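# Structure assessment
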Number of protein chains: 2
Amino acid sequence: MIDSPDITPEELQLAVRNHSLPLEALRYDITPVGLHYLLIHFDIPFVDAKSYELVVGGRVRRPLRLTMEDLRSRPTTTLAVTLECAGNGRARLSPRPMSQPWLTEAVGNAEWTGTSLAPILEEAGLEEDAVDVVFTGLDRGVQGGVDQLYERSLSLADATRPEVLLAYAINGQPLPPQHGFPLRLIVPGWYGMTHVKWLRSITAVDAGFGGYQQATAYHYRANTEIAGEPVTRMLPRALMVPPGVPDFMTRTRFVEPSRVQVEGRAWSGRAPVVRVEFSADGGATWVDAALEEAVSTFAWRRWTCAWDATRAGPHELCARATDAAGNTQPVAQDWNVEGVQNNGVQRVLVVVGATAERQPPADSLA
Amino acid sequence: MIDSPDITPEELQLAVRNHSLPLEALRYDITPVGLHYLLIHFDIPFVDAKSYELVVGGRVRRPLRLTMEDLRSRPTTTLAVTLECAGNGRARLSPRPMSQPWLTEAVGNAEWTGTSLAPILEEAGLEEDAVDVVFTGLDRGVQGGVDQLYERSLSLADATRPEVLLAYAINGQPLPPQHGFPLRLIVPGWYGMTHVKWLRSITAVDAGFGGYQQATAYHYRANTEIAGEPVTRMLPRALMVPPGVPDFMTRTRFVEPSRVQVEGRAWSGRAPVVRVEFSADGGATWVDAALEEAVSTFAWRRWTCAWDATRAGPHELCARATDAAGNTQPVAQDWNVEGVQNNGVQRVLVVVGATAERQPPADSLA
C-alpha cells in the first residue's frame, strides 16, 4: 500500500509494459489489435505452434493431447467478448495497492474465434470426483514469493458453459504473441485474470484448486484479516470517449461552446446493462443516455447523450451503468486490499471555451 | 522537472495510454503489431479512408490531392525500419523532465509498405524558393499552450531521400488506427517524432518551419538558456532480452546456475552498428557480443553473448552499442532539459540461484 498520489518506479515498470485502451478507441464496436488492454504478469512466452500440444488430463478417463491442427478441425465459434482487468481503477485508490497502476481504461472488446471447451472435457471423460478444472499457462514467474506457471481454475459448472472457448484467433487473425498465441481460454463475462493465455494444460482435479492466482490473489477483501470473496464476473461500468481535444500533458479536454454528442460503451458480466446515466456536474445530477443494442450477448453496448456545452469554464463529466441484476456503479471508489472490482464512475475534466494562443486552420476543426 | 523517483499522476495518464516494447519481444526480427512502441501526443483521430485525401501544396507548381487509391496505385516499397522514441530513457533522469515517462524500451522494428515520397514532390514541382517540407497530421491538441495539429518538417535534402516513404501498411496489413491509418510518414534512421501519423497534408514552405514540435520541442539542450540542437537521427542503442524469469512486481530476474545465451538487438540511425559489448558486472568489464546481419539497411541487428551464470547472487547485466561513425552509448545517463537522446546503457538485475518456495513442475522449465 502506498498513501501517495505518486507512482513508484516499480509500478512504472508495469505501466510501460502493459497498456490500457486509449479512451477514444471506445468508438470501435470491435477493438483493433494493439488497442485492446493487456496485462501480462510475467514474460510473453515464445511458443512454436508446430510442436505445440494442449494436454488435457488429471481426473479424466481418456487424457488428450491436442495439436493446433486438432483444435482447428473442431467446430468453430466466433464471439465478441468484452474483457476488463479485475484491477481496473486501482490507481485511483488511496492508499494504493501495489500492482499494475490502472486508471479506468483496462478494457477491450475483441472477436475471439475458437472451439467450445465443454465437448473436449466430455471427450476426455471427467471422473465422478472431479470438482475443478485448472488452466495452466506457459508463462512462468515469481509472485508473492511463489515460483509459478500462471494458473487459474473454474468449477465444473462454469467450465462447461457453452460460451467458454479455447480461442486461437482474434478479429479474424491468429492470436498475436501478447494475446496468448497459439491458444488461450475465453470465459465470457469474467474479469481478465480468468482468460488464461498461452494454454499449456487443462487438468481436472478432485479438490478446490489452491494455486496462487486462485486462492491467494484476486480476492475482494476490505482488510487483510479476512480471506475475502473470489473475484469472478465483471461489475457494470460505463466509459465515455472524452469529448473535444486534449492537452498533451494534463489530458484536460477543450471543447468549443456547442451542443456535444457524448458517446461511450457500457458492460457488465453479471447481467445485461439496462441503463446508462450521464452527468455534466461531477455526479450531482444525472440524465439517462440512449442505449444501442449490444454488439453481442457478451459485449459492450454503445451509449450516447447530448450535452449542451455552453457555459464557459471547467466541467466534470461522469457516466454510470446499471445492469439487469440491479448492480450500479458507485460514485465514490470502493477501497479494498488488492484494488479489484473498482467500478467507481469515470470522471473527465472538460474546459468549455478557447484552448490556447494559436488556433489551427479553420478547415481542420473536423 | 521533478526531482523524485516517483511518477506523478499526470505522467501516469501518459504511461497507461502509450506503451513500450516488452523486452522479451526483442526476440522477433519483425515486431508484431501491438508490441511495437507507441507514442500518441493527442488523440488517435478517426479517419474515413473512403473520403480521405492527402493534400500536397504550398510552394509547388502543381498542387495535388491524392486518394488512397491513387497512393496504392503508385510504385510500392516495403522496408523494415527500426523506430525509437526520442524520449526513450527519460524516466531514468534526475531531475526528471515532465513528459512521457519512458524507461528504455520505446522501440520497435516493423515492415512498412508504401510509396516513395520523392517522386510525389517531383510531380508537384517544388518552387525554387522552397526550403522545407511540412508534414501535418490530423491529430489535434494543446501542447506548451499551443493549440495545434501535430506537424514536423524536413529539409528538401532529407525529404527527397529515396528511403522516405508514405506508408499505408505495417507487416503486410493496413495500418491500424494507432499507427497512423490510413497514411503516415516513414523517415528511416530518424527518431519517432519525425514519422508523422494520420498525414493530412504535405506543404512546401519558403522559410524554416517554426511549428511547436519542430522549433520548440525536440531539442537537445543542457539548460533552458540555450535553444539547443534539433533532434534528428537515432543514436546507437543495444537492448537485451532479460534472461530467466521475472518477479511480477519488481521485475527482478531469476536464473538457475547455468551458461546463459543472452540475446538482444542493437541499432543506430547515424551509421551501421559495428560493435555490441556485454557486461555482467554493471559496466566494470566488457566482452564483445557476436553480431548478426541487420534485418535490413534501416533495421536493428541481433546480437548474442554467452554468460556463465554460475556465481549465486545478484548480477547487473549491461549492453552497449557502437556505430561506424564512432558513436558509443554512455555508461551514465546524459541529462538534458527535455530528456531526449538518452542512450545510457540498459541495466538488468538478475539473481542467480533459487527463486522461491515452490518450484513449478520439472517439465515446465523450457
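Within any chain, residue numbers begin from 1 and follow the written order of that chain's sequence. Ligands are numbered from 1 and chains lettered from A, in the order in which they are written. This being a predicted model, a pLDDT of at least 70 is required before a residue's local features are given, and a value of 80 or more before pairs of side-chain atoms are given or counted; all residues contribute to the totals for chains, interfaces and linings.

For these two chains of identical sequence, chain A goes onto chain B by a turn of 180 degrees and a shift of 0.0 Å along the axis, with RMSD 0.0 Å. The superposition of one copy onto the other is thereby described by a two-fold rotation axis. Taking the C-alpha atom as reference, chain A places G34 of chain A closest to the rotation axis, 1.9 Å from it. Interface residue correspondence from chain A to chain B reaches 100%, placing this contact among same-surface, isologous pairings. Copy-to-copy alignment: least squares on C-alpha atoms, limited to residues at pLDDT 70 or above in both. A pair of residues counts as a contact when their C-beta atoms, built from backbone coordinates, are within 7 Å of each other.

All right, on to the interface of chain A and chain B then. Each partner contributes residues to the interface: chain A has 60 residues there, and chain B has 60 residues. Strands here are runs of E lasting at least two residues and helices are runs of H or I lasting at least four, both read from the DSSP assignment and numbered beginning at the N terminus. For the side of chain A that touches chain B, the element with the most residues is helix α1 (residues 9-17) of chain A, which contributes seven residues. Partitioned by chemical class, the residues of the side of chain A that touches chain B number 32 nonpolar, 15 polar and 13 charged. Here the term charged refers only to Asp, Glu, Lys and Arg, the term nonpolar to Ala, Val, Leu, Ile, Met, Phe, Trp, Tyr, Cys and Pro, and the term polar to all other amino acids, Gly among them.

Buried, partly exposed and exposed are defined by the number of other C-beta atoms within 10 Å of a residue's own C-beta, namely 20 or more, between the two limits, and 12 or fewer respectively, with C-beta atoms placed from the backbone. Inspection of α1 of chain A places E11, L12, L14, A15, V16 and R17 of chain A among the buried residues, and these make up the whole buried set. Considering only its buried residues, α1 of chain A is in contact with α1 (9-17) of chain B.

The next thing to look at is the domain arrangement of chain A. Residue and element names in this part refer to chain A. What counts as a domain boundary in this text is fixed by an automatic or database domain assignment. Partitioning chain A into structural domains gives domain 1 (9-217) and domain 2 (237-364). Computed over C-alpha atoms only, the centres of domain 1 and domain 2 are separated by 29 Å. Facing the 25 residues of domain 1 at the interface are 23 residues of domain 2. For the side of domain 1 that touches domain 2, the element with the most residues is strand β3 (residues 77-84), which contributes four residues. Split by residue class, the side of domain 1 that touches domain 2 holds 11 nonpolar, eight polar and six charged.

To continue, consider the sheet that holds strand β5 (residues 132-143) of chain B. Residues and elements named next belong to chain B. Read from one edge to the other, the open sheet built from five strands follows the order β2-β1-β10-β5-β6, with strand pairing classed as mixed. Unpaired on one side and paired on the other, β2 (64-66) and β6 (146-155) mark the two borders of the sheet. Each neighbouring strand pair of the sheet contributes to a mean axis angle of 25 degrees, computed without reference to strand direction. Two strands are counted as paired when DSSP detects at least two bridges linking them. Judged from the three bridges that link them, strand β1 (residues 54-58) and β2 form a sheet pairing that is antiparallel. Within the sheet, the bridge partner assigned to V55 lies in β2 and is R65. Only the stretch in contact is used when a helix axis is fitted, and all axes are lines through C-alpha atoms; the angle between N-to-C directions ranges over 0 to 180 degrees.

Right, let's get into the sheet that holds strand β18 (residues 287-288) of chain B. Residue and element names in this part refer to chain B. On the basis of which strands lie adjacent, the open sheet formed by six strands has the order β14-β15-β22-β21-β17-β18 and mixed pairing. Looking at the sheet topology across the chains shown, the edges are occupied by β14 (245-246) and β18. The sheet contact formed by strand β17 (residues 273-279) and strand β21 (residues 313-323) spans six bridges and is antiparallel. Residue pairing in the sheet places R275 in a bridge with T322 of β21.

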